[in-house]
Amino acid sequence: MDNEFTIKISIPTDDYGYILLKCSHCGTFFKSTPDDIEDDRVLEIYCPSCGLISDNYLTEEVVELAMAMAQNKTMDLIYDEFKKMEKEFKKGPVTFKAGKRPNHEHENPIRSGIEALETTIFPCCNRKARVKPILRITGCYCPFCGVKNYEVE
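Being a predicted model, the structure only gives us computed values, none of them experimental. (Residues numbered from 1 in each chain as written. Predicted model: local features only at pLDDT ≥ 70, side-chain atom pairs only at ≥ 80, totals over all residues. Heavy atoms only, no water.)

Q: Is there a simple way to think about the pattern of salt bridges in this case?
A: Close approach of charged atoms allows side chains of opposite charge to pair. Scanning the model with the defined rule gives 12 salt bridges in all. For Asp-14, the salt bridge goes to Lys-31, with nearest N and O atoms at 3.0 Å. Of the two residues, Asp-14 sits in the segment before strand 1 (19-22) while Lys-31 sits in strand 2 (residues 29-32), which places them 17 residues apart along the sequence. Owing to a relative accessible area of 4%, Asp-14 belongs among the buried residues under this scheme. Among the residues examined, Lys-31 registers a relative accessible area of 1% and is labelled buried. With a closest N to O distance of 3.5 Å, Glu-86 and Lys-97 form a salt bridge. One end of the pair, Glu-86, is in helix 2 (residues 60-88); the other, Lys-97, is in the loop between helix 2 and strand 3 (118-122), with 11 residues separating them in the sequence. On the accessibility criterion, Glu-86 (13% relative accessible area) is buried. (Salt bridge = Lys/Arg side-chain N within 4 Å of Asp/Glu carboxyl O. Helix = DSSP H or I, 4+ residues; strand = E, 2+ residues; numbered from the N terminus. Buried < 20%, exposed > 50% of the residue type's maximum accessible area, 1.4 Å probe, protein only.)

See below:
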């Protein structure tokens, strides 16, 4: 049995082409385009609010979906192995019955959510992100280079 498997999760974009991110340090939501996040010139992603770099910016929805998908896949793999054992031990002094296939956890689709964010242009990198309106007024960190911008457009 192969002990590795891959699960692909598609994170939907909003009407403007941005995906929702959440800082694991301060809990602030912001949005960026997938192209900017995957750009090789962007070494780290900074939180626009606290300016820190997180290990990941996944929202709870994404994590819950990944966990449900992994659990469903794992249960299917275990059940398939039990079915193989059932065939092996069909006759003989010891028998084994796999039983019914386990029910899958519900895999809730991801929604783009939080539309109260405003598009902000960061002149330091000439890139855009969507941040809370208050951050546009008070200034925020550029998600792509970490520079504090006090007058964002």
